[in-house]
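Structure assessment
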There are 2 protein chains.
Amino acid sequence: MMIPGPTFLAESTLRAMSRQMVSHRGKETGALLTYCIERLKEVFRTENDLFILTASGTGAMEAAIANIVEPGDKILCTTCGKFSERFKKIAEVFGAQVIEVSSEWGDAIDPEKVKVALDENGDVKAVTVTHNETSTGVRNPVEEISRIVKSHGTLLIVDAISSMGGDHIPVDDWKIDFCLAGSQKCFAIPPGFSFISVSDEAWEVIKRTKRKTFYFDLVSYKKSLEKTPPQTPYTIAITLLYALDDALNLMFDEGLENVIARHHHVAKLARDGIKNMGLKLFPVREEICSNTVTAVKIPKGINDQEFRQKVRERGVVISGGQDKLTGEIFRIGHMGRVTEREINITLNAIRQALSELKFPLNEEAIL
Amino acid sequence: MMIPGPTFLAESTLRAMSRQMVSHRGKETGALLTYCIERLKEVFRTENDLFILTASGTGAMEAAIANIVEPGDKILCTTCGKFSERFKKIAEVFGAQVIEVSSEWGDAIDPEKVKVALDENGDVKAVTVTHNETSTGVRNPVEEISRIVKSHGTLLIVDAISSMGGDHIPVDDWKIDFCLAGSQKCFAIPPGFSFISVSDEAWEVIKRTKRKTFYFDLVSYKKSLEKTPPQTPYTIAITLLYALDDALNLMFDEGLENVIARHHHVAKLARDGIKNMGLKLFPVREEICSNTVTAVKIPKGINDQEFRQKVRERGVVISGGQDKLTGEIFRIGHMGRVTEREINITLNAIRQALSELKFPLNEEAIL
């Protein structure tokens, strides 16, 4: 399983989920919830409030939007792939007037374009940025974009669903008002949870917004967390809390910096392996390549389905392209528990599949 | 754990959750999703569409409302406790003009009152009914209410979150347009999933509604389920799907009618035991008592916290009252895998706790 989430779980995490149920409003769950949130804040490098939602990452995206948008509000959405475009769709559902700043799929968002758009539009309520665009394997320059957004006094919403934990995203240093993460990515627990941090500035806006969500109403989450014992407003997925507790312990045992360094290392290994075979990375420049997913152009003459089937026959599952990139690229996920070993197995499987399909591999790539 | 959800899990269900991740859009997940949905439809006794949401029961409530309500639409909410009142809150968030038909907490909704309200308001879009009001231990007469609602050509939304699977709720026979259920109740899997069935009539309304939700947009769920392989629009909680598969097999092995009969049997056992001790049921009439949760008045002179602590010391967790019933009632959940054995242990623990607190138990109750 080398897809960009869900990623494979540690044995201890799998075992942790076999624990019997406890009350979702009891002391035990309260203690576990508090502990996990404190540790998640360390991963997010934030002192902001942080909440665990029983929903996929898209739920956290909806939470960020629905808590601050009223019909007609201007939201600037930066788009460069499937997931960044999702923000635009969500903002539109909630009646926002969307200003779009886009780049070609495969390229990163140009901070300068964000500046121009913000200069032209004086009253933008929030800017959305996808830190790690999973559909194209591109990492966006959140730090640079943040400087521009914050100098305009605008809220910054960052989707770090598929990179938080596996890349350097210091929420407070970068002044991110809403930062989102997903459970089945770098945290290596099953899908079903998403995490969202909320800054003081964001709270100010939330409080004066007529919120168009009940399930994702962040004020309820805050109130419930302040109860004794701390809890969620609606029943939390307890099994995933057991898994999260275990997975966070594993991350802290390894050391957060080491976890990120490992992600950097395996990402570089994946890119180098791909280039050595004579394949081309999909992102237009290597410095914008994602730390958690590598997107690769499918060479002319190679059929996507056939190629990935041959890789699968070697026991490795990789992903294809999404939407307009279907058949154009393939993607290797390297997030969570991935090490050199899995990357090497994956590269070998790709190499063998290509060789069978008579792709002219670079000589140095042939073992 | 004898609270009204989460309820305890079978050993096989706990073990099922230790399986490694697979792709959420792959063939294996597609087959599992299809299988679980087909079986859930049998439990719901419906040929309507049915979807699995990665969200707690409240998410399914929001889905039913957000897919059909536009600002100013009239929604008739029947209220008789905390959870039925939640429908009213959700409808208001989405801009509905709420018409409330209520009964005292502890009583059931009077269908005649629903008729009067519908006669007075010609253009009600939907009526909400909580089949099993978990906060008061009351079961509402959905079949009778349905006859009235459907004769007015209005949609019927039924929250069967804490009763589906443990009570007789034939969705098609009762013409329920949206029927909701929760995973951690009678299905005996962990919290994190909710289920929602959608009738053809409901689809007609959904299609002409400007929907104010993205995460719970039922049209997306329908489209994704029609893909090859069948999938959900946003990543499903795969571990819970493993658990659901196992739990449904257990229910079908026992026989759906037998599962309901067992719930009836243990519910009666709980009520009889309570009455034998000289305690009083909270619902105003025994025929409106829930099949899955028994609410009991706390006798004068007995402190709720102290009493439940003494019960807990005997290894049994029961629930207190919620909101305005805090300190007034206690509640025994008997849903999911509960058998005579657990009821007897629970009744014994209650009896001993009361005895220690010098409550004058009925003579026949003293073993």
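Residues numbered from 1 in each chain as written. Chains lettered and ligands numbered in written order. Predicted model: local features only at pLDDT ≥ 70, side-chain atom pairs only at ≥ 80, totals over all residues.

Residue and element names in this part refer to chain A. With domains assigned, chain A is organised as domain 1 (11-252) and domain 2 (255-365). Its C-alpha centre places domain 1 at a distance of 28 Å from the equivalent point of domain 2. For the side of domain 1 that touches domain 2, the elements supplying multiple residues, two or more each, are helix 2 (27-44), strand 6 (138-139) and helix 9 (238-254). Classifying every residue of the side of domain 1 that touches domain 2 gives 8 nonpolar, 11 polar and 6 charged. (Domains from an automatic or database assignment. Helix = DSSP H or I, 4+ residues; strand = E, 2+ residues; numbered from the N terminus. Nonpolar A, V, L, I, M, F, W, Y, C, P; charged D, E, K, R; others polar.)

When chain B is fitted to chain A, the best match, at an RMSD of 0.0 Å, comes from turning it 180° and sliding it 0.0 Å along the axis. On the angle and the small slide along the axis, the relation comes out as a two-fold axis. Nearest to the rotation axis, the C-alpha of B:A55 is located 2.7 Å from it, this being the minimum over chain B. Both copies present the same face, since 98% of the interface residues in chain B are matched by interface residues at the equivalent positions in chain A. (Least-squares fit on C-alpha atoms with pLDDT ≥ 70 in both. Contact = placed C-beta atoms within 7 Å.)

So, about helix 10 (residues 256-276) of chain A. Residues and elements named next belong to chain A. When the terminal C-alpha atoms of helix 10 are compared, their 30 Å separation across 21 residues agrees well with the 30 Å that a helix rising 1.5 Å per residue should span. Every buried residue of helix 10 is listed here: V259, I260, H263, V266, A267, L269, A270, R271, G273 and I274. Here the buried face of helix 10 lies against helix 9, strand 10 (293-297), strand 12 (329-333) and helix 12 (340-356). (Expected span 1.5 Å × (residues − 1). Buried ≥ 20, exposed ≤ 12 C-beta atoms within 10 Å, placed from the backbone.)

As a further point, take the sheet that holds strand 10 of chain A. All names here are of chain A. In spatial order, the strands read 10-12-11; together these 3 strands make up an open sheet with antiparallel pairing. The open sheet is flanked by strand 10 and strand 11 (319-320), the only strands paired with a single partner. The pairing of strand 11 with strand 12 spans 2 bridges and is classified as antiparallel. Within the sheet, the bridge partner assigned to G320 lies in strand 12 and is F330. (Pairing = 2+ DSSP bridges.)

Our focus in this paragraph is the confidence of the model for chain A. On average, residues of chain A score 96 in pLDDT, and 99% of them reach the 70 mark or higher. As a predicted assembly, this complex carries a pTM of 0.96 together with an ipTM value of 0.95. (pLDDT = per-residue confidence, 0-100.)

Glancing now at the packing of helix 5 (residues 111-120) of chain A against helix 6 (residues 142-151) of chain A. Residues and elements named next belong to chain A. Remark: helix 5 packs on helix 6, axes separated minimally by 9 Å, with the N-to-C direction vectors making an angle of 15°. With respect to their mutual orientation, helix 5 and helix 6 come out roughly parallel. In this structure, helix 5 meets helix 6 at a crossing whose hand is right-handed. Across the interface between the two elements, P111, V114, K115 and L118 of helix 5 pack against E144, I145, I148 and V149 of helix 6. Taken together, the residues that form the contact of helix 5 with helix 6 break down as 6 nonpolar, no polar and 2 charged. (Axes fitted to C-alpha atoms, helices over the stretch in contact; angles between N-to-C directions. Parallel < 35°, antiparallel > 145°, perpendicular 65-115°, else oblique. Left-handed = near helix turned anticlockwise from the far one by under 90°.)

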